[in-house]
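Topology and contacts: notes
Now for the letters of each chain:
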Amino acid sequence: MAGLFKGSGSPRATSISRRDRVVLQAAAHLLDYPDAAWRERLPLVRSALETVGGAAARKLIAFVDEASLTPAVDACSHYVDVFDFKNRHSLYLTWWLDGDTRRRGASLVELKAVFRDAGFVFTEAELPDYLPVVLEFVAASGDLGLLLRHRPGLELLRLALAEHGTGYASVLEAVCSTLPGASPKDRAAARALASAGPPRETVGLDPDTAALRPYGHLDLLPVLSPDR
């Protein structure tokens, strides 16, 4: 399996809009385990999404509204049913890329290096390929490179969640809508996207332009504050 990052020279960031940053940061929160802190932040997430507007934001607002009406015990049970112990719904991006192989360990090390080189200190509260972690990194850095690199896995996860009939599919739809081009319509098209190979651009920011700051997937406020 080829390395996650190819090429040489200065990294090239794919800049994204503030609207997409908020969508990705909101999705990062919504895809995390729905504990008490998760529920407490739903009004903040909704407020930020209302501020930026757009189709993707509306999808996430609908998810937030449904989640707000769902009893906590039911929300937690559903999350476990959808994501725990089911690789076909894996939230760990390198699983889609490498599977349960030795290569996956190297991919995780490379991801940590991406965070570090962009000026972020990874807290290791989760594995670096955990989708909410990657979404928060992209929202904070403005660099779509990691999501583009892992787009086949994201699209396969989106399709699998839709087939499962869970509302989490709408969260993945919102995430995929921030990426250029149309999403694959079925598994065959998604697998064809995967077989085409990764984009050739590298990922990261110039460390001189990014102040060193703590990084962790539960840190929502810097991106979600409506006045930013």
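Residues numbered from 1 in each chain as written. Predicted model: local features only at pLDDT ≥ 70, side-chain atom pairs only at ≥ 80, totals over all residues. Heavy atoms only, no water.

Looking now at the pattern of salt bridges. Side chains that differ in sign of charge can pair as their charged atoms come close. Within this structure, the stated rule accounts for seven salt bridges. For E50, the salt bridge is made with R46, and the minimal N-O distance between the two is 2.3 Å. Pair noted here: E50 and R46 are both in helix α3 (residues 42-52), with a separation of four residues, about one helical turn. When its relative accessible area of 26% is taken as the criterion, R46 is described as partly exposed. (Salt bridge = Lys/Arg side-chain N within 4 Å of Asp/Glu carboxyl O. Helix = DSSP H or I, 4+ residues; strand = E, 2+ residues; numbered from the N terminus. Buried < 20%, exposed > 50% of the residue type's maximum accessible area, 1.4 Å probe, protein only.)

It is worth spelling out the nonpolar core at this point. Core analysis: the largest hydrophobic core is formed by 56 residues, its most contacted members being L24, L30, L49, L131, L135 and L147. Discounting chain neighbours no more than four positions away, the residues touching L135 are L24, A27, A28, L31, L147 and V175. (Core = buried A, V, L, I, M, F, W, Y, C linked by side-chain atoms within 4.5 Å. Contact = heavy atoms within 4.5 Å.)

On inspection of all chains with the given rule, the structure shows eight aromatic pairs. An angle of 70 degrees between the planes, with centres 5.3 Å apart, marks the rings of F120 and F137 as edge-to-face. A residue pair is termed long-range when its members are at least 10 positions apart, and F120 in strand β1 (residues 120-122) and F137 in helix α8 (residues 131-141) qualify at 17 residues. Among the residues examined, F120 registers a relative accessible area of 4% and is labelled buried. Assessed through its relative accessible area of 1%, F137 is described here as buried. Through a chain of ring-to-ring contacts, the aromatic side chains of Y33, F63, Y79, F83 and Y168 assemble into a single cluster. (Phe/Tyr/Trp six-rings, centres within 6.5 Å; stacked < 30°, edge-to-face > 60°.)

Here the focus is the packing of helix α1 (residues 18-30) against helix α11 (residues 168-177). At a minimum axis distance of 9 Å, the contact between α1 and α11 shows a crossing angle of 155 degrees. As judged from the angle between their axes, α1 and α11 are roughly antiparallel. For the pair α1 and α11, the crossing hand works out as left-handed. Contact residues: α1 offers V23, L24, A27 and L30, while α11 offers Y168, V171, A174 and V175. Counted by class, the contact of α1 with α11 contains eight nonpolar, no polar and no charged residues. (Axes fitted to C-alpha atoms, helices over the stretch in contact; angles between N-to-C directions. Parallel < 35°, antiparallel > 145°, perpendicular 65-115°, else oblique. Left-handed = near helix turned anticlockwise from the far one by under 90°. Nonpolar A, V, L, I, M, F, W, Y, C, P; charged D, E, K, R; others polar.)

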